[in-house]
Amino acid sequence: MALTKSEREAFLAEPHVAALSVEAEPGRAPLAVPIWYQYEPGGRPWLLTGTESRKLNLIRAAGRFTLMVDEVSPRLMYVSVSGNAVDMVAGTRDDLREMASRYLPPQAVEPYIEMAEKEHGPQTKVYLDPQQWVSLDLGGL
């Protein structure tokens, strides 16, 4: 029922909304929030987040995070990938366009970019170095 490497990478490459989990301050549960991400099989997943966001500050402090994506219809399937946060660089308009194009219909991409630049401010691009994978497919049951 576990996915093969190629199956989990193909599933992760689909445009799911991920749950990002990162260690929080002592005495608090981990921060777990939905987030868009980008991934191509064989590569490293990446995300964009506000340069001044709590999320990015926690990722920097922990040095690692997890992305988990799932699908419950037409089957129960999930992939979770954890690893170190690496290559944190300034996000660009092209990064924002690539991410928005993954999740939004074409006519909504430019309006979203305009809104995001005004409302979200500067973005940081964070890569995940995949180190641990957990996956499951119950579609055959």
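This structure is a prediction, so every number in the text was calculated from the model and none was measured.

### With respect to the layout of surface pockets
Rolled over the atoms, a probe sized like a water molecule indicates the empty space that remains.
Item 1. Taken as a whole, the largest pocket holds about 290 Å³ of empty space.
Item 2. Looking at the largest pocket, the residues that line it are P34, I35, W36, L48, T49, G50, K55, L96, M99, Y112, H120 and Q123.
Item 3. For the lining of the largest pocket, the elements supplying multiple residues, two or more each, are strand 2 (31-35), strand 3 (46-50) and helix 3 (93-103).
Item 4. With 3 residues, strand 3 is the largest single contributor of residues to the lining of the largest pocket.
Item 5. Residues of the lining of the largest pocket, tallied by class, amount to 7 nonpolar, 4 polar and 1 charged.

### Some thoughts on unusual backbone geometry
Item 1. Even without being a glycine, D87 presents a positive backbone phi close to 50 degrees.
Item 2. The residue D87 is located in strand 5 (residues 77-90) in this model.

### A look at the nonpolar core
Item 1. Ranked by size, the top nonpolar core spans 34 residues in total, and within it L20, Y37, F65 and L67 carry the most contacts.
Item 2. Apart from residues no more than four positions distant in its own chain, L20 is found in contact with L31, A32, V33, I35, L47, K55, I59, F65, T66 and L67.

The rules behind the values
- Residues numbered from 1 in each chain as written.
- Predicted model: local features only at pLDDT ≥ 70, side-chain atom pairs only at ≥ 80, totals over all residues.
- Heavy atoms only, no water.
- 1 Å grid on protein atoms, 1.4 Å probe; cavity = no way out; pocket = protein on both sides within 12 Å on 5 of 7 lines; lining within 4 Å.
- Points joined across faces, edges and corners; volume = space filled by probe spheres on them.
- Helix = DSSP H or I, 4+ residues; strand = E, 2+ residues; numbered from the N terminus.
- Nonpolar A, V, L, I, M, F, W, Y, C, P; charged D, E, K, R; others polar.
- Core = buried A, V, L, I, M, F, W, Y, C linked by side-chain atoms within 4.5 Å.
- Buried < 20%, exposed > 50% of the residue type's maximum accessible area, 1.4 Å probe, protein only.
- Contact = heavy atoms within 4.5 Å.

So far we have only geometry, and geometry alone does not tell us how the molecule works.
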